[in-house]
Amino acid sequence: MPTPTGPQPAIGITAVGAYAPAQVIPNAHYAAYLDTTDEWIVSRSGIRERRHATEGETTSHLGVQAVRDLMDRYPGALDGVDLVLCATSSPDAMFPSTAALIAGQVGLKGAAAMDLSVACSGFLYALSVAQAMVAAGTARRALVIGAEVMSRVVDQQDRNTAILFGDGAGAVVVGPVPAGTGFQSFVLGADSAGGPSLFLRGVCGALPDGTPMGPYLEQNGREVFKFAVRILGDSAEEAMRRAGGRVGDIDWLIPHQANVRIIQAACERFGLPLERAVTNLDRYGNTSAASIPLALAEAVRDGRIQPGQQLLLAGFGGGLSWGAAALRWSGPSAGAGA
């Protein structure tokens, strides 16, 4: 097959939506039965509260609500969508895919649908797949969702993990955008040597290196922190380099919401004021694959992100994995229709 020549179409994000469960879990909830305090949690993570799904709320339910929020804010945004991708580490089932379950409930019956499991990096991987498939003509438009019910895969008796994770969902539509805007570059990677530092059991009782796996997510916080501080900076700088710019050109950094100290370290490395990083982990905690779309939707909704601005999305997670995406925001801005 001949290699395509000529300019490639501009592809970006044309609509955003988000949803978080109504049940708020403050730090005081954990201080009541774990050896911790509100001050300890805030000082080490920046988290003050998180949301937990209630009985009957599943990952697909959260994803559907995020898509419905998108549809309410951007009427007609799903027109032409024929691909649905869901990044999640807490799917309703191994199959059918959570993406297919969501698609069937939002009027996209018959669309191609699949889940991506890359932990907290999953949304960025899903964006890259959507961009590539739209650019190749395999899909006209794609609905990309990050949705998690992490509260059900975390041991609520484990102080090291229970306090960190929350539930939520975000959704975007990926499709053609005006020339000069849209995605400029992606940087993706993984290193399984770091797998024992952060994992969640599937069908096996141990990782290939013999590390045993129990029923809940397990994390070596110290090792993940060191990895995250390094890789967030490295991948962001590489994404901007591939985009033909530098980190100083960033108007808004939208990082994975895991720990405020990791975000602060990245901003210091880039020479960016912390105010140019979109953060909401104080209210939502670490929502894994949902964290970046939740933060993006919030910043678009309140008007911080405007057409023409340079964005950098960056994340890291189990695998150990990482991802970054540079894009010029095409809009629409807060409150506008699709």
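The following paragraphs examine the structure supplied in this document. In this text, all values refer to a predicted model and were calculated from it rather than measured experimentally.

## A word on the overall build of the chain
Part 1 of the reasoning: A tally of helices and strands in the chain yields 10 helices and 13 strands.
Part 2 of the reasoning: Taken against the 2.2 N^0.38 rule, which gives 20 Å for 338 residues, the C-alpha radius of gyration of the chain at 19 Å falls within 12% of a compact globule.
Part 3 of the reasoning: Seen along its three principal axes, the alpha-carbon backbone of the chain occupies a region of about 60 × 45 × 40 Å.
Part 4 of the reasoning: Buried residues in the chain amount to 54% of all 338 residues.

## Quick look at the packing of aromatic side chains
Part 1 of the reasoning: Tallying each qualifying case throughout the model produces three aromatic pairs.
Part 2 of the reasoning: Measuring from centroid to centroid gives 6.1 Å for Y30 and Y33, while their planes differ by 45 degrees, and the two rings are tilted.
Part 3 of the reasoning: Overall, the relative accessible area of 0% leaves Y30 in the buried class.
Part 4 of the reasoning: When its relative accessible area of 34% is taken as the criterion, Y33 is described as partly exposed.
Part 5 of the reasoning: Where F183 meets F186, the ring centres are 5.1 Å apart and the plane angle is 40 degrees; that geometry is what we call tilted.
Part 6 of the reasoning: By relative accessible area, which is 16% here, F186 ends up buried.
Part 7 of the reasoning: Just above the ring of W40 sits the side chain of R159; from NZ or CZ to the centre is 4.4 Å.

## Considering the sheet that holds strand β1 (residues 11-19)
Part 1 of the reasoning: Sheet architecture is open: five strands sit in the order β1-β7-β6-β4-β5, paired in mixed fashion. Among the strands making up the open sheet, the edge pair consists of β1 and β5 (112-116). Put simply, the sheet's adjacent strands are angled 20 degrees from each other on average, direction ignored.
Part 2 of the reasoning: Bridge count for strand β4 (residues 81-87) against β5 is five bridges, and the pairing is parallel. Its bridge partner being in β5, A87 is matched across the sheet by L116.
Part 3 of the reasoning: Sitting on the sheet, helix α3 (residues 59-73) is in contact with β1, β6 (141-149) and β7 (167-176), with an inclination near 115 degrees to β1.
Part 4 of the reasoning: Along the sheet, helix α10 (residues 291-301) contacts β1, β6 and β7; its crossing angle with β1, the most-contacted strand, is approximately 95 degrees.

## Here's the deal with the pairing of β4
Within a regular beta strand, the side chains point alternately toward one face of the sheet and then the other, so they alternate between its two faces.
Part 1 of the reasoning: Burial runs high along β4: six of the seven residues are buried.
Part 2 of the reasoning: Here six bridges tie β4 to β6, and the two strands are oriented parallel to one another. What sits directly across from A87, in β6, is G146.

## Comments concerning the nonpolar core
Part 1 of the reasoning: By size, the foremost hydrophobic cluster in this structure holds 67 residues, and its most contacted members are I13, L127, L143, V144, V174, I254 and L296.
Part 2 of the reasoning: When sequence neighbours within four positions are dropped, the list of residues in contact with L127 reads I13, V144, V172, V174, F183, F186 and L313.
Part 3 of the reasoning: In terms of nonpolar packing, the next biggest core, distinct from the first, is built from 43 residues, L164, V187, A239 and A277 among them.

## With respect to the environment of P91
Part 1 of the reasoning: Topologically, P91 is positioned in the loop between β4 and α4 (98-105).
Part 2 of the reasoning: On the basis of relative accessibility, which here comes to 31%, the residue P91 falls in the partly exposed class.
Part 3 of the reasoning: With near-sequence residues (within four places) excluded, P91 lies in contact with T98 and D115.

## Overview of the sheet that holds strand β13 (residues 321-328)
Sheet strands line up and pair through hydrogen bonds in the backbone, either parallel or antiparallel.
Part 1 of the reasoning: Spatially, the four strands line up as an open sheet ordered β8-β13-β12-β11, and their pairing is mixed. A strand with exactly one partner marks an edge of an open sheet, and here the two such strands are β8 (182-190) and β11 (252-255). Each neighbouring strand pair of the sheet contributes to a mean axis angle of 10 degrees, computed without reference to strand direction.
Part 2 of the reasoning: Inspection of the sheet shows β8 paired to β13 by eight bridges, in the antiparallel sense. Bridge pairing in β13 places F183 opposite L327.
Part 3 of the reasoning: Across the sheet, helix α5 (residues 122-136) is in contact with β8, β12 (310-317) and β13; its angle to β8 comes to roughly 125 degrees.

## Some remarks on α10
Part 1 of the reasoning: Taken across its 11 residues, α10 has 10 buried, putting it largely inside the fold.
Part 2 of the reasoning: Taken as a whole, α10 has its buried residues at S291, I292, P293, L294, A295, L296, A297, E298, A299 and V300.

## As for the pairing of β1
Part 1 of the reasoning: Burial analysis of β1 places eight of its nine residues in the buried class, which makes it a mostly covered element.
Part 2 of the reasoning: Here β1 runs beside β7; their pairing, made up of eight bridges, is antiparallel. Note that in β7 the partner of G17 across the bridge is A171.

The rules we used
- Residues numbered from 1 in each chain as written.
- Predicted model: local features only at pLDDT ≥ 70, side-chain atom pairs only at ≥ 80, totals over all residues.
- Heavy atoms only, no water.
- Helix = DSSP H or I, 4+ residues; strand = E, 2+ residues; numbered from the N terminus.
- Rg over C-alpha atoms; globule rule 2.2 N^0.38 Å.
- Buried < 20%, exposed > 50% of the residue type's maximum accessible area, 1.4 Å probe, protein only.
- Phe/Tyr/Trp six-rings, centres within 6.5 Å; stacked < 30°, edge-to-face > 60°.
- Lys NZ or Arg CZ within 6 Å of the ring centre and 35° of its normal.
- Pairing = 2+ DSSP bridges.
- Axes fitted to C-alpha atoms, helices over the stretch in contact; angles between N-to-C directions.
- Contact = heavy atoms within 4.5 Å.
- Core = buried A, V, L, I, M, F, W, Y, C linked by side-chain atoms within 4.5 Å.

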